[in-house]
Every structure is written in structure tokens, then in C-alpha cells.
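Residues per chain are reported as follows:
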Amino acid sequence: MDGAQELKLQLQTEAIADLWQEQCSLHTRLFELTCDEYTHLLASDMDELDESIEQKSLVIKDIEKLDLQRQALVKELNAQWEEAKIVKVKNLVEFLNANGQENNAQRIEKLNLILMDIIEKIQEQNKKNQIFLNKALISLRELKDSFAGGKKQFKTYGSNGATRSSLSK
């Protein structure tokens, strides 16, 4: 690899690493908004909840745009370097290490671990939000049923807060 190719590869990998860093920032913002969503649910503050949901939609759109940029950069690397064959982060890191880009490879690897951790936290918080919503809906249904009168209902619930069965007496 000559100097010009090496410089081009370095610029491409720095751009990819910067995208990964931006993905981490956006996912952190998404996590914060997901936590805010839970707080607004607890407080029954629907106006703030709507605002959080709207903000989340915008952040998700930004994440999608960045992902398209990342895909384009990886496609460019694969087209330019026959030996690249990048499909996963592991392939990218191996390719970069093999071509003298150890610093960027290490940076991308670390950022990817951070990103995966943030995504797991978002998923956990989304589950908490869903459980809260399921329980709230069940409570509303029970309240509605109590106004309607009639048979008394006893329900059992799963670990996610959803109704599993109901018994009548």
C-alpha cells in the first residue's frame, strides 16, 4: 500500500470511528429520553410524555441517517479494498489491524462495546416502560369493570405485567 492509499484508508476509518462516536452520543440521548418517558408516565404528565416521544422520534431518525452513512462508508471500503470483505464490526477491526490502522480499530472496537451497552440499557428501560403501561391499562380496565358492575374478576399477571388469565366468581 502506497502513502496515498494509506492516507485515504486512514481518513475513511477516522470517518467511520467518528460515526460510531456520534452513534454513541445519539443512543445516549435516546436512553435519556426513554428514562424521561418513564418519569412522565409515573407523573401522568401526558404533555411532557408526548414531547419525549416526539424527541425520541427525531433522535431515531438521526440514528438511521448515521447508519446509512456508515453503510455507505463500509461499502466504499469493500469496493476499494478487495481483501476488506467487511460484513461485521469484527471484520472491520481485523481489516484495519491488518492494514496499519490499529488505533482506529481499537477506537471502533471500544465505541462498539459502549454502543452495545447503551442499547441494552435502552431495551431494559423500554421493558420497564411497557410493564408500567400494561399495569396501568389493566388498572383502567378493572376500574371500568367495577363501574359496570356484574361479576367480580380475579386476574393473574405475568412477569411483564400482562394479564395471563382471569377467573370469575
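Scroll up a little and you will see the structure.
Residue indices follow the written sequence of each chain, beginning from 1 at its first position. It should be noted that, the model being predicted, local features are given only for residues of pLDDT at least 70 and side-chain atom pairs only at 80 or more, the latter also being counted only at that level, while totals for whole chains, interfaces and linings use all residues. The side-chain numbers reported here are obtained from all heavy atoms of the structure, hydrogens and water having been left aside.

## Quick look at unusual backbone geometry
Notably, Ser 44 is not glycine yet its phi reads approximately 55 degrees, a positive angle. By the criteria applied, helices consist of DSSP H or I runs no shorter than four residues and strands consist of E runs no shorter than two, each listed in order from the N terminus. Tracing the backbone shows Ser 44 in the loop between helix H1 (3-43) and helix H2 (46-80). Classification of Ser 44 as exposed rests on a relative accessible area of 56%. At Lys 85, a position not held by glycine, the phi torsion is positive, near 45 degrees. Counting through the fold element by element, Lys 85 comes out in the loop between H2 and helix H3 (89-98). Think of it in three bands: residues with accessible area under 20% of the maximum for their type are buried, residues over 50% are exposed, and the middle band is partly exposed, with areas taken using a 1.4 Å probe on protein chains only. A relative accessible area of 65% means that Lys 85 is categorised as exposed.

## Details of H3
Taken as a whole, H3 has its buried residues at Leu 92, Val 93, Phe 95 and Leu 96. Buried residues along H3 cover an arc of 165 degrees about the axis, so they all sit on one side. Seen from the buried face of H3, the exposed residues on the opposite side, beyond 90 degrees, are Lys 90 and Ala 98. For H3, the secondary structure elements touched by its buried residues are H1, H2 and helix H4 (102-148). With its phi angle positive at about 75 degrees, Gly 100 sits one or two positions after the end of H3. Along the arc lie the directions from the helix axis toward the C-beta atoms. Should any heavy atoms of two residues lie within 4.5 Å, those residues are counted as being in contact.

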